[in-house]
Amino acid sequence: MIYKRSSALFAAAEKVIPGGVNSPVRAFKAVGGTPIFVKEAKGAYLYDEDGNVLIDYINSWGPMILGHAYQPVVDAVVEKAQKGTSFGMPTEIETQIAELAVSMVPNIDKIRFVNSGTEACMSAVRLARGFTGKDKIIKFAGCYHGHSDSFLIQAGSGAVTFGSPNSPGVTAGTAKDTLLANYNNLSSVEALIAANKNEIACIIIEPVAGNMGCIPPVKGFLEGLRTLCDANNILLIFDEVMTGFRLAKGGVQELYGVDADIVCFGKVIGGGLPVGAFAARNEIMNQLAPLGPVYQAGTLSGNPLAMAAGFAMLNELNNDKDVFKRLAEKTEYLHKGLARVLYNNNITHTINRVGSMISVHFDKANVIDFETAAKGNNETFKTFFHGMLNQGIYIAPSAFETWFITDALTYNDLDKTIAACDAVFR
Ligand code: KE4
């Protein structure tokens, strides 16, 4: 693969954008090499600036669950754009997508739209603090909830990839209110609750983790968190920015049958435009301004252009009764194929998968938390990443990321991907 134009574009970008990118993981720092500049995309394929065609397993980090430039979403955006993109005043489509989301997701009566997953999670924590009157929060090592200060205490993906779990600029004052537990480890949560009696407003978690690679909750873990929250007047926040509208219509609450108090969304809910959201039952959401005292706002929140994209996307997912089954079947097929060729090439590995989220870890141990995820052989991962890329397969440029399967992938694409993996290690 040649990347002459991407290299030139990256050199130009570096002069005017920090690190040449608008989000760190895109810079390929964890795997080395020059970031790929994309010219356009359609379905499961990226067309880069050097004329290479890549099968895409990242899909903008989740949103493109039905494929790039998905026609019903494109049509909705084009049609809406011609009528104005944002007014800073209420529009009907905000109510339409809110009603649809509330009908799809359990345990929510109201939803507030924002512009990113970070905003959704940041606002959800403020709401939990306002609702409970308590200051502290529990998050899990390796989970990432966006880049607001309360979360950059030991974030997953980005910060971990850069090997600097704490970010400068986060004050000690902020850090003291964030407590760190270990994923899939209920006793670590119990210990924090015991040591901070009556001070904890919420536990925020990726109920299926995606920022340490894909890590499913072990049996009883989510149920245990629910019990601990009920016993200690703590709100349970499911950060479903990745899993929402991806793992099931009702997300992880539906898939695992565990109720959250507040649910955060991003990615798929915006259909590729900047949309985040947070949602809960009435008694919690009614605490939000202008109804209640917890302030939260946004110039472009609920703008009709982004709402049109999200509404088209959610309608497609809501009306297609087999889509999540197809996605899970394609991901299982890929899992089995990759495992077969890695085993045949004597490559020590483990693969985690939930629905249409999957990750490959080059270590023999089961990957159940941040510590075991960090044990993966990064040199093997770099060989894997570049070996696949050179064969036209784009996977996550970090061992701490998840792949996101799109329904636009054909079984022929999956077979090509499996064969490419075989070729890397044969
Ligand atoms: P955004 O602010 O990037 O829209 O969402 C933050 C966020 C919140 N919660 C979860 C579970 C997330 O995965 C994310 C963002 N995910 C990363 C991928 N690891 C986005 C990619 C990036 O940072 O460029």
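Position labels on residues start from 1 in each chain and follow its written sequence. Only residues with pLDDT of 70 or above have their local features reported here, since the model is predicted, and side-chain atom pairs are shown and tallied only from 80 upward, although totals for entire chains, interfaces and linings are computed over all residues. Think of the side-chain values as coming from all heavy atoms in the structure, minus any hydrogens and water.

Novice: Please explain the packing of aromatic side chains as it appears in this structure.
Specialist: For any pair of aromatic rings, geometry is given as the distance between the ring centres together with the angle between the planes. Between rings of Phe, Tyr and Trp, where Trp is taken as its six-membered ring, a pair exists when centres lie within 6.5 Å; planes separated by under 30 degrees are stacked, by over 60 edge-to-face, and by other angles tilted. What the rule picks out here adds up to 16 aromatic pairs. Consider the rings of F370 and F400, whose centres lie 6.2 Å apart with planes at 45°: the pair is tilted. Placement of the pair is F370 in helix 13 (residues 370–373) and F400 in the loop between strand 13 (393–394) and strand 14 (403–404), with a sequence separation of 30 residues. The burial state of F370 is the same as that of F400; both residues are buried. Taken together, the ring pairs connect Y57, F362, F381, F384, W403 and F425 into an aromatic cluster. Comment: elements are numbered from the N terminus, with helices defined as DSSP H or I runs of at least four residues and strands as E runs of at least two. Throughout this description, buried means an accessible area under 20% of the type-specific maximum (1.4 Å probe, protein chains only), exposed means over 50%, and partly exposed covers the range between.

Novice: Got a minute to help me understand the nonpolar core in this structure?
Specialist: Definition used in this section: a nonpolar core is a set of buried Ala, Val, Leu, Ile, Met, Phe, Trp, Tyr and Cys residues joined via side-chain atoms within 4.5 Å. Counting residues in each nonpolar core, the largest one holds 112 residues, and the members touching the most others are Y57, F140, F245 and W403. The element contributing the most residues to this core is helix 11 (residues 304–319), with nine residues. These domain boundaries are the output of an automatic or database domain assignment. When residues of this core are sorted by domain, at least three fall in each of domain 1 (4–69 + 322–425) and domain 2 (71–319).

Novice: Sorry, what's going on with the domain arrangement of the protein here?
Specialist: Much of the literature gives interface size as the accessible area that the parts lose upon coming together. Each assigned domain of the protein is listed with its residue range as follows: domain 1 (4–69 + 322–425) and domain 2 (71–319). When each unit is reduced to the centre of its C-alpha atoms, the spacing between domain 1 and domain 2 is 25 Å. By the convention used here, residues are in contact when the closest approach between their heavy atoms is within 4.5 Å. In this assembly, 34 residues from domain 1 lie in contact with 37 residues from domain 2. Carbon and sulfur atoms make up 70% of the area that domain 1 and domain 2 hide from each other, which totals about 2,800 Å². It is F324, V354 and F370 that lose the most area in domain 1 upon contact with domain 2, and together they represent 23% of the buried surface on that side. Salt bridge, as used here: a side-chain nitrogen of Lys or Arg that lies within 4 Å of a carboxyl oxygen of Asp or Glu. On inspection of domain 1 and its partner domain 2, the count reaches zero salt bridges. Polar contacts here mean pairs of N or O atoms no more than 3.5 Å apart (in protein, one a potential hydrogen donor and the other a potential acceptor; neighbouring residues in sequence count only if both atoms are side-chain atoms). Where domain 1 packs against domain 2, one counts 14 residue pairs in polar contact (both at pLDDT 80 or more). Looking at the side of domain 1 that touches domain 2, the elements that each hand over two or more residues are helix 12 (323–344), strand 11 (350–354), strand 12 (357–361) and helix 13. By residue number, the principal contributor to the side of domain 1 that touches domain 2 is strand 12, which donates four residues. Buried area adds together the accessible area that both of two parts lose upon being put together, with accessible area traced by a 1.4 Å probe.

Novice: How should the packing of helix 12 against helix 15 (residues 411–425) be read in this particular structure?
Specialist: Packed helix pairs are specified by the crossing angle of their axes together with the interaxial distance, meaning the distance between the axes. To get an axis, a line is fitted to the C-alpha atoms, and for a helix only the part in contact is used. The angle between two axes follows their N-to-C directions and goes from 0 to 180 degrees. Direction vectors running N to C along helix 12 and helix 15 enclose 20°, while the axes themselves pass 9 Å from each other. It follows that helix 12 is roughly parallel to helix 15 by the angle criterion. Helix 15 is crossed by helix 12, and the crossing has right-handed handedness. In this structure, helix 12 contributes E329, K330, Y333, L334, G337, L338, R340, V341 and L342 to the contact, and helix 15 contributes Y411, L414, D415, T417, I418, C421, D422 and F425. All amino acids are sorted into three groups, where Ala, Val, Leu, Ile, Met, Phe, Trp, Tyr, Cys and Pro are nonpolar, Asp, Glu, Lys and Arg are charged, and the leftover types, Gly among them, are polar. Its residues assigned to classes, the contact of helix 12 with helix 15 shows ten nonpolar, two polar and five charged. Orientation is classified from the angle alone, with under 35 degrees giving roughly parallel, over 145 giving roughly antiparallel, 65 to 115 giving roughly perpendicular, and any other angle giving oblique. Should the near helix be turned anticlockwise from the far one by less than a right angle, the crossing is left-handed, and should it be turned clockwise, the crossing is right-handed.

Novice: Help me understand the site of the ligand, please; the structure alone is not making it clear to me.
Specialist: As a structural note, the neighbourhood of the ligand is formed by 17 residues, with S23, T118, N211, D239 and E401 the closest of them. The separation between an oxygen atom of the ligand and a polar side-chain atom of T118 is 2.6 Å. Within the side chain of K267, a nitrogen or oxygen atom sits 3.1 Å from a nitrogen atom of the ligand. Residue composition of the shell around the ligand, grouped by class: five nonpolar, eight polar and four charged. Nearness is judged by heavy atoms alone; a residue qualifies as near a molecule or strand once a single heavy atom is within 4 Å of it.

Novice: Mind showing me how you'd approach the state of the cysteines here?
Specialist: Throughout this description, disulfide means a covalent bond between two cysteine sulfur atoms. We call a pair of cysteine sulfur atoms a disulfide when they lie within 2.5 Å. Counted under the stated rule, the structure contains zero disulfides. Among the cysteines around C202, which has no disulfide bond, C229 carries the closest sulfur, lying 8.7 Å off. With a relative accessible area of 0%, C202 lands in the buried category. Of the residues examined, C229 reaches a relative accessible area of 1% and is grouped as buried.

Novice: Explain the sheet that holds strand 12 here, please?
Specialist: The strands making up a sheet associate through backbone hydrogen bonding, with each pair oriented either parallel or antiparallel. Reading across from one edge, 11-12-14 is the order of the three strands in this open sheet, with antiparallel pairing throughout. Edge positions in the sheet fall to strand 11 and strand 14, since each of these pairs with one other strand and no more. As judged from the five bridges shared by strand 11 and strand 12, these two strands associate in the antiparallel manner. Opposite V354, over in strand 12, you have M357 as the bridge partner. Set on the sheet, helix 12 makes contact with strand 11, strand 12 and strand 14; between it and strand 11 the angle comes to about 175°. Pairing between two strands is assigned when DSSP locates at least 2 bridges connecting them.

Novice: Teacher, can you tell me more about helix 4 (residues 117–132) here?
Specialist: Between the first and last residue of a helix there are one fewer steps than residues, each counted as 1.5 Å, and that sum is the expected span. Over its 16 residues, helix 4 extends 22 Å from the first C-alpha to the last, a length consistent with the 22 Å expected when each residue adds 1.5 Å. Where helix 4 is concerned, the buried positions are G117, T118, E119, A120, C121, S123, A124, V125, L127, A128 and T132. Sitting at the amino-terminal end of helix 4 is S116, which places a side-chain oxygen 3.4 Å from the backbone nitrogen of T118. In the segment just after helix 4, G133 is the residue with positive phi, at about 75°.

Novice: Could you clarify how one ought to interpret the pattern of salt bridges in this entry?
Specialist: Where charged atoms of side chains with opposite charge meet at close range, the side chains can pair. Applying the stated criterion across every chain, the model contains 17 salt bridges. In this structure, R281 engages D261 in a salt bridge whose closest nitrogen and oxygen atoms are separated by 2.9 Å. Remark: D261 occurs in the loop between helix 9 (251–256) and strand 9 (262–265) and R281 occurs in the loop between strand 10 (276–280) and helix 10 (282–285); sequence separation between them is 20 residues. Residue R281 is classed as partly exposed on the basis of its relative accessible area, which comes to 27%. The exposure class of D261 is buried, given its relative accessible area of 6%. Of the charged contacts in the structure, one is a salt bridge between K330 and D407, with a shortest N-O distance of 3.1 Å. Taken together, the residues span a long stretch of sequence, with K330 in helix 12 and D407 in the loop between strand 14 and helix 15 at a distance of 77 residues.

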